[in-house]
Amino acid sequence: MRRKVLLIIGLFGIVLSAIAQKLTSPDGNLTMDFHLTADKSPVYSLTYKGKTVIKESRMGFLVRPSYDFSSNFRIVETEEDASDTTWNTVWGQNSVVRDNHKELFVALEQENTGWKFNIRFRIFDDGLGFRYEFPVQKELRHFSLNEEVTEFQLAGDYKAFWIPADYDTNEFQITTSKLSEIPSLIDEARNEALACKSSTPNLAVQTPLMLKSDDGLYINIHEAALVNYPAMHLNLDAETFLMSAHLTPDKNGVKGYIQTGSVTPWRTIIVSDDARDILASNLIINLNEPCKIEDTSWIKPTKYVGVWWEYFTGGGSTWSYTDCQDIVIGKTDYTKLKPHGHHGANTSHVKEYIDFAAKHGFDAVLVEGWNEGWEDNYAYAKEYMYSFTKAYPDFDVKELQNYAASKGIKIIMHHETTSSVIDYERQMHDAFRFMKERGYDAVKTGYVGPIIPRSEHHDGQWMVNHYNRVVEEAAKYKIMVNSHEAVRPTGMYRTYPNWIAQESARGTEFESFNGIRQDHQTILPFTRLMGGPMDYTPGIFEGDLSVYGNNKAKVGTTLVKQLALYITMYSPLQMAADLYQNYEKHLDAFQFIKDVAVDWDNTYILEAEPGDYVTIARKARGKNEWFIGGITDENSRVAIINLDFLPKGKKYQATIYADGKKADWKDNPKDYIISNRKVSCKTVLKQKLAAGGGVAISIKEL
Ligand code: NOJ
Ligand code: CA
């Protein structure tokens, strides 16, 4: 269905320009309204079941050095379209995704300059997306931005689940407050970040931003398909509740370099009066481009263990091989240096992990600290920070390749760049070739610290292009990528499904620094995970880190909540992060991690309230097996788990991993009970979750 309206310049055109263009969602619940104001500025607004979601909000740009590109427009043309299709995911929470939307395309021309941009709106039953498109035009070939003008005028003092804007990190604890309280809380929230931080000059927060209105509307603001453009933060006027785009600048303050013939990312507003619909939304992936990789057979959801957590426990194991300094990567002969004796990535230790992985049915072992360069990785003066092709003397690449292959295990490569990005790009192709020749097909990349030598920001356009380039180049080598400290995801994994996961939020490593608050994992699905899967690295069974000697931190969950995270934190890449010795002490509970799938045919959001609880059921892809995870915040609760998603007329065996009667994240995290019972689609389970606790269930057909 396509309706095109060419507006004739003159009186008729002016009249039509002033008339609102309406776009209504397929189910009729959402209505978007677009028009030009008296000063001929493009504005939009959005309602849901008659309630205001976004009041009249401006659109456009401020162009450098000082041109207004947001008013004085005329509408040249509008076009309406509708589409209802389905597509198959390479991996995902569902094997089939429906994309049912209506579209409004508006072509605009600025009257005083003749400059043009178009706006494409797409409305779905669960929200609105829009993007700007810059047609190729004689008067304007390329330009740079002072800001994007896009506004989100909220209708009230909503409850917000937010982290402070920051051009370089998103590894914050999430704060829950009214919008009006953000000014008094933001400094505290900022100071609490550990990683590289560069707080923004404005009162601003990051996306995905989750909001809840007093009258029960759930609103999520984010973006989709971030390509060749900086990530968007949101400025806040805490009195009027006006939020507006705040693009990440480059090192000179430029907020984006545009060449006409391009499009911006989509701005997304997901809305419902039921929090579960936010988690079930496919709007962001639907706004991303279809898969660009032709043969995807090599892309495999992966469950892994690794030489990793021991670096955080305080037990003494290190990434580095020696205490010697003054090392020049590529020149220093490590075999001549004295090892300090507690290097984690040594051949025999890695073999222990390979044995454990093989014995318990895992796919892969991550090994960090295998390569030259970890001795003084904060010495920013170095031209080459690490070698990505030279292993430490005690890590026998060939032997481990053969050993892992003989056991059917893959080794996951690690490329920590400490943000020496030019250096990484210089080595990248050699590094990927090195991997392929030695049987590696996945890499965990890392961007700890400031970007050297350019002082760009992690979330700026230059780095966005870098992350995307790494994933594109990796695809040519059939390599999957799990990026840490990169810009938060925007659904790009649809286009490049080899981008198997990202970190880009506070993950389990923080349990070993200063702990993670109990509500954190109930908010992440509504914020960070809206853009894509997270390598959260759950599965810590020994939550008292003082057992290792030097760390007083306590994991902020019960053991069972760690199990439930395999379901509530969606990812096709899941780590069993604890030391394997801790799993050997609890093999009964470990069975859930062994059994749990990492790829799904269907997902059922059973219960959800941001900040309080999340209960999700999923059907394993291609198997008649279901897994359920339920988590709660610092309050204990009873989860009501309705199994009506199970196919009718059959009996099933459920294994329930529950918090014990005396379980509590703080004082008694390891108290758990495992029970079995027969269930059917008529069963409704009432499961008690401890404070900071959870429930995990596996279901098989009898
Ligand atoms: C930070 C990452 O998030 C963590 O997983 C990794 O171990 C360290 N950087 C070292 O690369
Ligand atoms: Ca990190």
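Scroll up to find the structure this text is about.
Here goes a summary of the coordinates provided. All figures in this text were calculated on a predicted structure; none of them were measured in a lab. (Residues numbered from 1 in each chain as written. Chains lettered and ligands numbered in written order. Predicted model: local features only at pLDDT ≥ 70, side-chain atom pairs only at ≥ 80, totals over all residues. Heavy atoms only, no water.)

**Concerning the overall build of the chain**
Looking only at helices and strands, one finds twelve helices and 38 strands in the chain. Over its C-alpha trace the chain gives a radius of gyration of 26 Å, about what one expects of a compact globule, namely 27 Å for 702 residues. C-alpha extents for the chain along the principal axes are approximately 80 × 65 × 50 Å. The burial tally for the chain puts 64% of its 702 residues in the buried class. The long-range share in the chain, meaning contacts at least 24 apart out of those at least 6 apart in sequence, stands at 71%. Computing the positive centroid from 78 side-chain charges and the negative centroid from 92, the chain places the two 4 Å apart. (Helix = DSSP H or I, 4+ residues; strand = E, 2+ residues; numbered from the N terminus. Rg over C-alpha atoms; globule rule 2.2 N^0.38 Å. Buried < 20%, exposed > 50% of the residue type's maximum accessible area, 1.4 Å probe, protein only. Contact = heavy atoms within 4.5 Å. Lys, Arg positive; Asp, Glu negative; His and termini not counted. Charge placed at Lys NZ, Arg CZ, Asp CG, Glu CD.)

**Observations concerning the packing of helix α10 (residues 559-568) against helix α12 (residues 587-595)**
Contact geometry for α10 and α12: axes closest at 10 Å, N-to-C directions at 10°. Comparing the axis directions of α10 and α12 gives the class roughly parallel. Facing α10, whose interface residues are L559, L563, Y566 and I567, α12 presents A589, F592 and I593. The residue makeup of the contact of α10 with α12, split by class, is seven nonpolar, no polar and no charged. (Axes fitted to C-alpha atoms, helices over the stretch in contact; angles between N-to-C directions. Parallel < 35°, antiparallel > 145°, perpendicular 65-115°, else oblique. Nonpolar A, V, L, I, M, F, W, Y, C, P; charged D, E, K, R; others polar.)

**Considerations on the coordination of the calcium ion (ligand 2)**
Protein coordination of the calcium ion (ligand 2) is provided by E171 (OE), E485 (OE), E503 (OE), E503 (OE) and E509 (OE), with donor distances spanning 2.3 to 2.5 Å. If you look at the calcium ion (ligand 2), its six donor atoms make angles of 52 to 157° with each other, and the shape they trace is irregular. When the donor residues of the calcium ion (ligand 2) are listed from N- to C-terminus, their spacing reads E-x313-E-x17-E-x5-E. (Donors = N, O, S within 2.8 Å, 3.2 Å for Na, K, Ca; no water. Tetrahedral: all angles 85-135°; square planar, octahedral: opposite > 155°, others 65-115°.)

**Comments concerning the sheet that holds strand β25 (residues 364-367)**
Read from one edge to the other, the open sheet built from seven strands follows the order β29-β28-β27-β26-β25-β24-β30, with strand pairing classed as parallel. The two strands at the open ends of the sheet, each matched to only one other strand, are β29 (499-502) and β30 (573-575). Mean inter-strand twist for the sheet, computed between neighbouring axes without regard to direction, equals 25°. (Pairing = 2+ DSSP bridges.)

**Side note on the site of ligand 1**
In the region of ligand 1, 13 residues are neighbours, and W308, E368, E416, K444 and H484 sit closest. E368 places a polar side-chain atom, nitrogen or oxygen, 2.6 Å from an oxygen atom of ligand 1. A distance of 3.3 Å is found between an oxygen atom of ligand 1 and a side-chain nitrogen or oxygen belonging to H414. Burial of ligand 1 by the protein amounts to 92% of the accessible area it has alone, namely 290 Å². Residue classes in the shell around ligand 1 are distributed as five nonpolar, two polar and six charged. (Near = heavy atom within 4 Å. Polar contact = N/O pair within 3.5 Å; in protein donor to acceptor, adjacent residues only side chain to side chain. Areas by Shrake-Rupley, 256 points an atom, 1.4 Å probe, with all protein chains shown as cover.)

**Quick word on the pattern of salt bridges**
Applying the stated criterion across every chain yields a total of 36 salt bridges. We note a salt bridge from D441 to K410, for which the minimum N-O separation is 3.5 Å. Within this pair, whereas D441 is found in the loop between α7 (421-437) and β27 (442-446), its partner K410 is found in strand β26 (residues 410-416), the two being separated by 31 residues in sequence. For K410, a relative accessible area of 37% translates into the label partly exposed. Taken together, the shared-partner salt bridges connect E103, R120, R122, R131 and E133 into one network. (Salt bridge = Lys/Arg side-chain N within 4 Å of Asp/Glu carboxyl O.)

**Brief notes about the packing of aromatic side chains**
The final tally for this structure, using the stated rule, is 47 aromatic pairs. Between F541 and Y583 the ring centres are 4.9 Å apart and the planes differ by 80°, which places this aromatic pair in the edge-to-face class. Of this pair, F541 sits in the loop between α9 (520-523) and α10 while Y583 sits in helix α11 (residues 580-584), and the two are 42 residues apart along the sequence. With a relative accessible area of 2%, F541 lands in the buried category. For Y583, a relative accessible area of 0% gives the class buried. Here the aromatic rings of Y604 and F645 are separated by 4.8 Å at their centres, their planes lie at 20°, and the arrangement is stacked. Here the residue Y604 occupies a position in strand β31 (residues 600-609), and F645 occupies one in the loop between β34 (637-642) and β35 (652-659), the gap between them amounting to 41 residues. Looking at F645, the relative accessible area reads 11%, which means it is buried. (Phe/Tyr/Trp six-rings, centres within 6.5 Å; stacked < 30°, edge-to-face > 60°.)

**Some remarks on the sheet that holds strand β33 (residues 625-632)**
With antiparallel pairing, six strands are arranged side by side in an open sheet as β31-β32-β33-β38-β35-β36. Strand pairing shows two members of the sheet lacking a second neighbour, β31 and β36 (672-679), which therefore form its edges. Between one strand axis and the next, the sheet turns by 15° as a mean value, whatever way the strands run. Bridge count between β35 and strand β38 (residues 694-701): seven bridges; the pairing is antiparallel. Directly across from I656, in β38, lies its bridge partner I697. Relative to β33, α10 is tilted by about 120°, and along the sheet it contacts β31, β32 (613-620), β33, β35, β36 and β38.

**Some points on helix α5 (residues 347-359)**
With 13 residues, α5 ought to run about 18 Å at 1.5 Å a step, and its terminal C-alpha atoms sit 18 Å apart, in line with that. Buried within α5 we find T347, H349, V350, K351, Y353, I354, F356 and A357. Considering only its buried residues, α5 is in contact with β24 (302-307), β25, α6 (397-406), β26, α11 and α12. (Expected span 1.5 Å × (residues − 1).)

**Overview of the nonpolar core**
The biggest cluster of nonpolar side chains holds 203 residues, and the ones touching the most others in it are F34, F121 and I269. In this structure F121 touches L23, M32, F34, Y44, M59, K102, E103, L104, V106, L128, G129 and F130, once residues within four positions along its chain are discounted. Counting residues in hydrophobic clusters, the runner-up holds 20 residues, among them F645, A654, V695 and I699. (Core = buried A, V, L, I, M, F, W, Y, C linked by side-chain atoms within 4.5 Å.)

**Overview of the environment of F134**
Inspection of the secondary structure assignment puts F134 in strand β11 (residues 127-134). In this structure, F134 is in contact with F61, F69, K116, F117, F143, I258, T260, G261, S262 and T264, ignoring residues within four places of it in sequence.

**Some remarks on the packing of α7 against helix α8 (residues 461-476)**
Closest axis-to-axis distance for the α7/α8 pair is 11 Å, and the angle between their directions is 5°. By the angle between their directions, the pair α7 and α8 is classed as roughly parallel. Between α7, through V421, I422, Y424, E425, M428, H429 and F432, and α8, the contact on the second element is made entirely by W462, M463, H466, R469, V470, E473 and A474. When grouped by side-chain class, the residues that make up the contact of α7 with α8 number nine nonpolar, two polar and three charged.

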